[in-house]
Amino acid sequence: MATARLDYIAPWWTYWLHNFPHLNFSFQSVGNTFSPEETSYQQSLIFLACVGAVGLGLSLLVLAVYLSCLYCCRRDLDEETKRPDACCVTWAAVITGLIICSAVGVGFYGNSETNDGVYQLTYSLYNANHTLGGINNLVAGSLGSMETGLKQHLERLDEIFATRGDYIKALSFMQQMATNIISQLTSLPDISKANADLAAIADQIAFIEYYRWLTYLLLLILDLVICLVICLGMAKQSRWMLITIMAFVVLSLILSWVLLGAGTATAVGTSDFCVSPDKVIVNLTKDFLSADIAHYYLFCSPNLPNPFQQSLTIYQRSLTTMQIQIQGLLQFAVPIFPTAERDLLGIQRLLNSTEFNLHRLTALLDCHALHKDYLDALMGVCYDGVEGLLYLCLFSLLAASALSAMLCTVPRAWTILSSRDRDYDDIDEEDPFNPQARQISFNPGRSHIHSFCSYSSSLGSQSSLHPPPLSVSNVPSSEYMNQSMLFAGNPRYENVPLIGRGSPPPSTFRNIFTQHEDHLPFYD
């Protein structure tokens, strides 16, 4: 039975994923119809999941080749080539960090969308399970009332009305009506199996979804931490940070490729279901539901007849007939047999409760409630769920590519940091701008101080000051720097002029400035 569906149309991305090649382990094409019980279809999904393993192998192979070339062709770089390499490494780290941050944003959105879709699916399954459970309870309660409660009342009334044949005939007719009700209730499909299956499926899906969501959340946080530590390590030029984060980069790379394969297989399998969900449901429920009942709930079309209408009509007519019989017995038999009033009122209460259950059962058996749950589940899985899986696959692909590039960048940064440390260690000790030159001891044999000119700090007048004439010194600049560092800040050599320059000590200038401070002009 084929019916045009207008309330559900599979999204375009499910058709795109549905057309992915389905190959078994023998590389033979298999059907893309959703049939998880078939071995060939299972092999096709496992084959798609192996895409992540192939990507992981290629990434590790490229990384191994790169590291081999880096360490085999390693050479000392001069100053001209060192600066561009550091710039390239910095920009490469920045670009990979931006790609990872963008991938993390995509991953958060995809993880949220998938979780929303799965939550909508489980919520619909629990609602449908509640509806089916209510149907089971009403049918079981009505059967118990007809088979046990009504039977006890009728047996006692048979004893009371033993002398009246017309009343016995009325009781027999009521028993016949009760049998009709029991037969109609037992003719209803046994949906207890579907009820148990929905509950188990919903619980299993919720369990798997929780750990899936948690795994992706931890991976997203790990990628953000990797970006932060990489930036800190390169900014602070800390090699131990780079070494530590390399292990986490490898772990995140492996998880990204594994989740890419698992997400691809899940998305393709779910899309195979979303393209033709009605056929799948009919095949799964064919053991306990007939095709017309399954189509009634799947399509809920006004053109489709209600398969329970006839049973419910007979149920209602039998109850009405029994209530009429009870009313007549209460009116005519109770004055003659007062002891029959208790059982007749008990039957009346039982019929009233059964009629109430009949109305509830009619409402629950209507297709609109279960059909709404079915559509909500399809929308959650095929729209939000599959869309979220696509975003998660994009996140895994971007993160795996960026992490592979980062694994190639970190060893290069390590090499540059090591070369810088070697350059710092190779500084010439004879360099006058080297801070270590302060530790060079003064060599008396290298420069001889001929006279210690004492410039008294108690000069009487300006004419008494006769500084030595300035002359151009032939002393090398290195000797000047060494002597200036030798005598600087030492009170013992305060009055010693700088060798080769004839300059007075600094205290002389301070004394001159103090004595003639009043004669200096001031400018506003």
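A brief look at the structure comes next. The structure presented is a predicted model; accordingly, all values stated were derived computationally and were not measured.

**A look at the environment of Ile182**
Mapped onto the fold, Ile182 is located in helix H4 (residues 165-187). Placed 37 residues apart in sequence, Ile182 and Ser145 show a C-alpha to C-alpha distance of 9.7 Å. With residues up to four places along the chain from it excluded, the contact list for Ile182 reads Leu143, Met146 and Glu147.

**Looking at the side chain of Asn357**
Looking at the secondary structure, you find Asn357 in helix H10 (residues 341-365). Setting aside anything within four residues of it in sequence, one finds Asn357 in contact with Leu138 and Ser142.

**Describing the nonpolar core**
Counting 70 residues, the largest nonpolar core has Phe161, Leu329 and Leu361 as the members making the most contacts within it. Here this core takes 12 residues from helix H3 (residues 79-160), the largest share from any one element. When residues no more than four places from it in sequence are discounted, the contact partners of Leu329 are Phe161, Tyr167, Ala170, Leu171, Met174, Val334 and Leu344. The next biggest cluster of nonpolar side chains, apart from the first, holds 30 residues, and it includes Ala103, Leu222, Val249 and Cys408.

**Let's talk about H10**
A rise of 1.5 Å per residue sets the reference length of H10, with its 25 residues, at 36 Å; its end C-alpha atoms lie 35 Å apart and thus fit the reference within 8%. Three or more residues of H10 are buried, namely Asp343, Leu344, Gly346, Ile347, Leu350, Leu351, Thr354, Asn357, Leu358, Leu361 and Leu365.

**What to know about the state of the cysteines**
Applying the stated rule across the entire model yields two disulfides. Between the sulfur atoms of Cys274 and its disulfide mate Cys382 the distance is 1.9 Å. Because the torsion about its S-S bond is -90 degrees, the bridge between Cys274 and Cys382 counts as left-handed. Note that Cys274 is positioned in helix H6 (residues 239-275) and Cys382 in helix H11 (residues 367-425), a separation of 108 residues in sequence. Judged by relative accessible area, Cys274 falls into the buried class, the value being 0%. Disulfide pairing is shown between Cys300 and Cys367; the S-S distance is 2.0 Å. Between Cys300 and Cys367 the disulfide shows an S-S torsion of about 60 degrees. By sign, it is right-handed. One end of the pair, Cys300, is in the loop between helix H8 (291-299) and helix H9 (309-332); the other, Cys367, is in helix H11, and 67 residues separate them in sequence. Each of the two residues, Cys300 as well as Cys367, counts as buried. Each bonded cysteine in the chain gets a number by its place in the sequence, and the pairs come out as 1-4, 2-3.

Criteria and thresholds
Residues numbered from 1 in each chain as written. Predicted model: local features only at pLDDT ≥ 70, side-chain atom pairs only at ≥ 80, totals over all residues. Heavy atoms only, no water. Helix = DSSP H or I, 4+ residues; strand = E, 2+ residues; numbered from the N terminus. Contact = heavy atoms within 4.5 Å. Core = buried A, V, L, I, M, F, W, Y, C linked by side-chain atoms within 4.5 Å. Buried < 20%, exposed > 50% of the residue type's maximum accessible area, 1.4 Å probe, protein only. Expected span 1.5 Å × (residues − 1). Disulfide = S-S within 2.5 Å.

Functional significance is not addressed by these values, which are geometric in nature.
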